[in-house]
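What the coordinates show
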Amino acid sequence: MLSITVAGDEGSVRLDRVLAVRAPHLSRSRLKALILAGEISLHDAPVRDPAYHVAAGDTITIRVPPAVAPEPAAENIPLDIVYEDDDIIVIDKPSGLVVHPAAGHETGTLVNALIAHCGASLSGIGGVKRPGIVHRLDKDTTGLMVAAKNDRAHASLSAQFADHGRTGALRRGYLAFVWGVPNRQRGTVDAPIDRHPFAREKMAVRDSGREAITHWELLQSFNGRDGKPVAALLACQLETGRTHQIRVHLAHIGHPLVGDGVYGPGFKTKANAIAPAARQALAGLGRQALHAYLLTLEHPASGEIMHWEGALPEDLVLLQNAFAAAD
């Protein structure tokens, strides 16, 4: 709430003009809407006329109600449902599906799909009937995701994901195809992540960032046409949940994800070293080669430890087979 006292040189001036000068953080259209809605008061009495003339010494009060987020609409988008009950739903997310509505992706998201699929059974999460999103996968990352269907489940899952499995059952596992082969069987990347200082759509390892820890294990290595190691399949587990964490961390240690045009553009020439079938599979991939294959959590209602493992999607199976065939 903001209070303004009309100065002597502002007397007998239209209300909307005084507000435009004294409340520049609000647009003229927003101010007009507030006046018409009765949110602007003069000596505690609402004034609904933008042309009302104020006098020197008048006290104007502006009340700006909390912003109300637009409600996503239900959309009939097919879902690969792995598990569902009254509290949670686990899906195998395909590539290309954005999780939550945002600028540039207001429709066609997982949230739109979940509202259509289980809207009738959703209870009020934050006072609104919507699915509780407690973690996300990038648009082009595939794999297992869980969402809450009520407040109780949302609170429980949120706490589990905030803890990142350090004291609880939560585990998240990813399969990642990377350029190059690590020189050891397993390792941990412990490097803070923050917004990139120049490319704001990217994240980066920075001292100013938040703690980020990724554990990895080498599962399979692949040779190029010359018989030398060119790529690998890693299993990764997250101990934290930063944006683009696996993509940033693997690029940081010199093994960016295959197909990642954001964090591994300098490795495009690696494609020259792989067999034609592998190059064809890579060209058809059109995304980073990352799949969330494992999810373990404690059920919000029963306390049961639940575990799911999903197979690689078809495009990554083709990539794996093409890489392996060149060995």
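Residues numbered from 1 in each chain as written. Predicted model: local features only at pLDDT ≥ 70, side-chain atom pairs only at ≥ 80, totals over all residues. Heavy atoms only, no water.

1. Observations concerning the packing of helix H1 (residues 15-22) against helix H2 (residues 28-36)
Between H1 and H2, the shortest axis-to-axis distance is 10 Å and the interhelical angle comes to 130°. One element, H1, and the other, H2, form an angle in the oblique class. Our pair here, H1 against H2, has a crossing hand that is right-handed. On the side of H1, the interface is formed by Leu-15, Asp-16, Leu-19 and Ala-20, while H2 contributes Arg-28, Leu-31 and Ile-35. Here the contact of H1 with H2 is built from residues that sort into 5 nonpolar, no polar and 2 charged. (Axes fitted to C-alpha atoms, helices over the stretch in contact; angles between N-to-C directions. Helix = DSSP H or I, 4+ residues; strand = E, 2+ residues; numbered from the N terminus. Parallel < 35°, antiparallel > 145°, perpendicular 65-115°, else oblique. Left-handed = near helix turned anticlockwise from the far one by under 90°. Contact = heavy atoms within 4.5 Å. Nonpolar A, V, L, I, M, F, W, Y, C, P; charged D, E, K, R; others polar.)

2. Side note on the sheet that holds strand S6 (residues 59-62)
Across the sheet, 4 strands lie side by side as S1-S6-S3-S4; this open sheet has antiparallel pairing. Strands with a single pairing partner mark the edges of an open sheet, and in this sheet they are strand S1 (2-5) and strand S4 (45-46). Relative to S4, strand S3 (residues 40-42) runs antiparallel, the two being bridged by 2 bridges. Looking at S4, one finds that Ser-41 is bridged to Pro-46. Across the sheet, H1 touches S1, S3 and S6, and the angle it forms with S6 is around 70°. (Pairing = 2+ DSSP bridges.)

3. Thoughts on the environment of Leu-19
Note that Leu-19 resides in helix H1. The class for Leu-19 is buried, based on a relative accessible area of 0%. Between the C-alpha atom of Leu-19 and that of Met-1, which follows or precedes it by 18 residues, the distance is 14 Å. Once residues within four sequence positions are removed from consideration, Leu-19 is found in contact with Ile-4, Pro-24, Leu-31, Ile-35, Ile-40, Ile-60 and Ile-62. (Buried < 20%, exposed > 50% of the residue type's maximum accessible area, 1.4 Å probe, protein only.)

4. Structural notes on the pairing of strand S19 (residues 290-298)
Counting buried residues along S19, 8 of its 9 residues qualify, which places the element largely inside the surrounding structure. Summarising the sheet, strand S12 (residues 142-148) and S19 pair through 2 bridges and their orientation is parallel. Looking at S19, one finds that Gly-143 is bridged to Ala-292. Taken together, the 6 bridges between strand S13 (residues 171-179) and S19 define a ladder with antiparallel strand orientation. When the bridges of S19 are listed, Ala-176 appears paired with Leu-290. Across 5 bridges, S19 lies against strand S20 (residues 305-309) in antiparallel orientation. Pairing of Leu-294 across the sheet is with Glu-309, part of S20. Between S19 and S20, which pair antiparallel in sequence order, lie 6 residues; one of them, Gly-303, sits at a positive phi of approximately 80°.

5. Focus on the nonpolar core
Judged by nonpolar contacts, the single largest core of 30 residues is most densely connected at Tyr-174, Leu-234, Cys-236 and Leu-250. Only strand S8 (88-93), helix H3 (110-118), S12, S13, strand S17 (213-223), strand S18 (229-238), helix H5 (245-252) and S19 provide two or more residues apiece to this core. The leading source of residues in this core is H3, at 5 residues. The next biggest cluster of nonpolar side chains, apart from the first, holds 23 residues, and it includes Trp-179, Leu-233, Ala-271 and Leu-316. (Core = buried A, V, L, I, M, F, W, Y, C linked by side-chain atoms within 4.5 Å.)

6. Quick word on the environment of Leu-157
Tracing the sequence through the fold places Leu-157 in helix H4 (residues 151-163). Judged by relative accessible area, which is 0%, Leu-157 ranks as buried. It is 6.8 Å that separates the C-alpha atoms of Leu-157 and Pro-300, two residues lying 143 residues apart in sequence. For Leu-157, the residues in contact, after removing those within four places along its chain, are Ile-88, Val-134, Val-146, Ala-147, Ala-148, Leu-297 and Pro-300.

7. Here we look at helix H7 (residues 314-325)
Helix length check: H7, at 12 residues, gives a terminal C-alpha distance of 16 Å against a target of 16 Å (1.5 Å per residue), a fit within 8%. Those residues of H7 lying buried are Leu-316, Leu-319, Gln-320, Ala-322 and Phe-323. Viewed end-on, H7 has its buried residues packed into an arc of 165°, placing them on one side of the element. Of the exposed residues in H7, the ones pointing more than 90 degrees away from its buried face are Glu-314 and Ala-325. Buried-residue contacts for H7 involve S13, S17, S18, helix H6 (276-285) and S19. (Expected span 1.5 Å × (residues − 1). Arc of directions from axis to C-beta.)

8. Here we look at the packing of aromatic side chains
For the coordinates displayed, the defined rule picks out 4 aromatic pairs. With centroids separated by 6.3 Å and ring planes inclined at 85°, the aromatic side chains of Trp-179 and Phe-323 adopt a geometry described as edge-to-face. With a gap of 144 residues between them, Trp-179 in strand S13 and Phe-323 in helix H7 connect regions that are remote in the sequence. Of the residues examined, Phe-323 reaches a relative accessible area of 1% and is grouped as buried. Between Phe-222 and Phe-323 the ring centres are 5.2 Å apart and the planes differ by 25°, which places this aromatic pair in the stacked class. Taken together, the residues span a long stretch of sequence, with Phe-222 in strand S17 and Phe-323 in helix H7 at a distance of 101 residues. Through a chain of ring-to-ring contacts, three or more aromatic side chains come together here, namely Phe-177, Trp-179, Phe-222 and Phe-323. (Phe/Tyr/Trp six-rings, centres within 6.5 Å; stacked < 30°, edge-to-face > 60°.)

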